[in-house]
Amino acid sequence: MRTVVLIAGLAVLAGCGTHGATTQAKPAKAPVNPATAKAMNAAKAKAVKANELGQIPVLMYHRVIEHPGTQDDRTPAQFRTELERLAKENYVPVTAAEYVTGKIDIPAGKHPVVLTFDDSSPSQLTLSNDGTPLPNTAVAIMREVAAKHPGFRPIGTFYVTRDMFGKPDKIEQEQLISWLKTNGFDIGNHTKDHLNLAGKPKEAVVDEVVAGHTLITSLQGPPPVTIALPYGNQPRDKDWALKGKKGAVAYNYGGVFLAGYTPAQSPFSKEFDPVGIPRIRSMDKKGDCAKFCSTAWLDWLQANPTERYTSDGDVRTVAVPKFQQPMVSAKFATRALPY
């Protein structure tokens, strides 16, 4: 009997909570005229001086070690200094895959930068026993800089070879690929054996590209979207590196990266060439790097801001000054937002 009374009491209380209550419908928002919305977006783009046809630095790194052995190596301090500079100058890293597919989703007024790492060196990524990157590895430094500068994405693209961060064991290789994938990094093809593809017949080129592609997917990695050519050397027919097939394995990449030595074109530009995307070697202004390496080019982009890609903050549009609209590629013409 007590159970019945309790249930009845609860029913009364529940009824008291809603008795006589009225629900007022929120007034519907008036639809925004498409032309008005476009004008508002154009005004926002103009306010930040957006230019999504501007140039994008694609920086190329190899080993990050205390005692550099080649001109491609950087010390941890040098690498950290360059990342700090990028963060302070409003660059936001995007992956090579995001870049070539036009998925450059960064805040208004910011500039994309693509950080690429060749040859899968242990100095780029080595995990400790608890699964965190060892101090002074490239990935650890990237995460530390990102923690210090909110909005600076700790991501990049690793162009791997069979050396696979110095781990010969397949299970350990799978762990590293899985860690990169889970933490938002991009994994690109650098061929399996890092052979020079210049002058080789088509069959040999396709064999090497397919071997590198299969190396990644066999380790449960995502199919690569881009390839970086060993030594930056292109095959006789540039398209052989972009697309091909051997047996059941086919590849059709969004971009082929070289080894030097200028900023890259916007993927929205008619001048964008997917079979020959330049990269910039990370190095100070000295010797042959006085004009054509990272410090020199970052200085130039800082001094020439109208030449640099600046985002409007909306990944759905391609914001450009009106006079540049004819340079938007046909593929992205419907997304153009001239101001």
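Side note on the overall build of the protein chain
Across its full length, the protein chain carries 10 helices and 12 strands. For the protein chain, whose C-alpha radius of gyration is 25 Å, the value lies well above the compact-globule estimate of 20 Å for 339 residues. The proportion of buried residues among the 339 residues of the protein chain is 47%. For the protein chain, restricting intrachain contacts to residue pairs at least 6 apart in sequence, the fraction spanning at least 24 positions comes to 67%. In the structure as shown, the protein chain presents an accessible area of about 17,000 Å², 56% of it carried by carbon and sulfur atoms.

Let's talk about the state of the cysteines
In total, this model carries one disulfide according to the counting rule given. Between Cys 289 and Cys 293 runs a disulfide, and the two sulfur atoms are separated by 2.0 Å. Given an S-S torsion of about -45°, the disulfide between Cys 289 and Cys 293 has left-handed geometry. Assigned by exposure class, Cys 289 and Cys 293 land together as buried.

So, the packing of helix H3 (residues 76-88) against helix H5 (residues 138-148)
H5 packs onto H3 with a crossing angle of 35° between their chain directions and a minimal axis gap of 10 Å. For the pair H3 and H5, the crossing hand works out as right-handed. Of H5, the residues touching H3 (which contributes Pro 76, Phe 79, Arg 80, Leu 83 and Glu 84) are Ala 138, Ile 141, Met 142, Glu 144, Val 145 and Lys 148. Considering only residue class, the contact of H3 with H5 consists of seven nonpolar, no polar and four charged.

Regarding the nonpolar core
Ranked by size, the top nonpolar core spans 36 residues in total, and within it Phe 79, Leu 83, Leu 86 and Leu 115 carry the most contacts. Looking at which element gives the most residues to this core, the answer is H5, with six residues. One finds Ala 96, Ile 277, Val 318 and Ala 336 within the second-largest nonpolar core, a separate group that totals 24 residues.

Quick notes on the rules
- Residues numbered from 1 in each chain as written.
- Predicted model: local features only at pLDDT ≥ 70, side-chain atom pairs only at ≥ 80, totals over all residues.
- Heavy atoms only, no water.
- Helix = DSSP H or I, 4+ residues; strand = E, 2+ residues; numbered from the N terminus.
- Rg over C-alpha atoms; globule rule 2.2 N^0.38 Å.
- Buried < 20%, exposed > 50% of the residue type's maximum accessible area, 1.4 Å probe, protein only.
- Contact = heavy atoms within 4.5 Å.
- Areas by Shrake-Rupley, 256 points an atom, 1.4 Å probe, with all protein chains shown as cover.
- Disulfide = S-S within 2.5 Å.
- Axes fitted to C-alpha atoms, helices over the stretch in contact; angles between N-to-C directions.
- Left-handed = near helix turned anticlockwise from the far one by under 90°.
- Nonpolar A, V, L, I, M, F, W, Y, C, P; charged D, E, K, R; others polar.
- Core = buried A, V, L, I, M, F, W, Y, C linked by side-chain atoms within 4.5 Å.

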